[in-house]
Amino acid sequence: MRFLRFFATLFLLPGALLNAAETPVISLPGTDGAEHQPLKVAEGKKGVVLVFGSPFCNTSNTFLPELNAIAEAYEDRFAFYLVHSEKDLELTQVMEHKELLRVRPLALLDTQQLLAKHTGAKITPEAVLISPAGETLYQGRINDLYLGPTKRQRKATTADLRDALDAVAAGQPVKVPRTEAMGCKIAGLE
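Our subject in this report is the structure included herewith. (Residues numbered from 1 in each chain as written. Predicted model: local features only at pLDDT ≥ 70, side-chain atom pairs only at ≥ 80, totals over all residues. Heavy atoms only, no water.)

Some details on the pairing of strand β4 (residues 78-84)
(1) Moving on: Here β4 lies mainly inside the structure; seven of its seven residues are buried.
(2) Moving on: In β4, alternate side chains face the same way, and those of Phe78, Phe80, Leu82 and His84 on one face and Ala79, Tyr81 and Val83 on the other are all buried.
(3) Moving on: The pairing of strand β3 (residues 47-53) with β4 spans seven bridges and is parallel. Across the sheet, the residue bridging to Leu50 is Tyr81, located in β4. (Buried < 20%, exposed > 50% of the residue type's maximum accessible area, 1.4 Å probe, protein only. Helix = DSSP H or I, 4+ residues; strand = E, 2+ residues; numbered from the N terminus. Pairing = 2+ DSSP bridges.)

Here you go:
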């Protein structure tokens, strides 16, 4: 059984087997003018939520009000970052996007796509919840508002990221640790 769980985890969650010793130190500029290490979980937090976004993806921008609401509800227990991974993007563009759309989480610029490559993220928006030990606890959609790249429902019927955060906050395993994110491909990701 342990053998099967190992292979299921290996194929379903790219970062699931990482531990703190294997977690790379990635330092990125933020919209606050400082450098941040988003894979490092601050003392007292139960994890880090990375949400890959893009100012050029309408689907990603559609989720920003929900991301703001989630960050407001959970920021006492989790750190949140909106990660911009376009290779040609500049920090001033990220700052303008954050201000224009009133993004609550700190936005980071990752033109080398280090976080996307480390986590296996390929879509905007795609959420990744990382434990203090460096394990990927959840990866995928914020909710099921989009059932396909252009197939939008009137309203979401699931709350995948919220469910994952509730489980981790309660010390429970995430029931559905992987979902398929719908949106735009991260530009230039190989």
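A look at the sheet that holds β4
(1) Moving on: Read from one edge to the other, the open sheet built from five strands follows the order β5-β4-β3-β7-β8, with strand pairing classed as mixed. The sheet terminates laterally at β5 (106-109) and β8 (136-140), the two strands that pair on one side only. Averaged over all adjacent pairs, the angle separating strand axes in this sheet is 20°, with direction ignored.
(2) Moving on: Sheet topology note: the strand β7 (residues 126-130)/β8 ladder contains four bridges and is antiparallel. Bridge pairing in β8 links Ala127 to Gly140. (Axes fitted to C-alpha atoms, helices over the stretch in contact; angles between N-to-C directions.)

Some words on the side chain of Gln139
(1) Moving on: Tracing the chain through its elements places Gln139 in strand β8.
(2) Moving on: Engagement of the side chain of Gln139 in a polar contact is seen with the side chain of Glu126, the distance being 2.8 Å. (Polar contact = N/O pair within 3.5 Å; in protein donor to acceptor, adjacent residues only side chain to side chain.)

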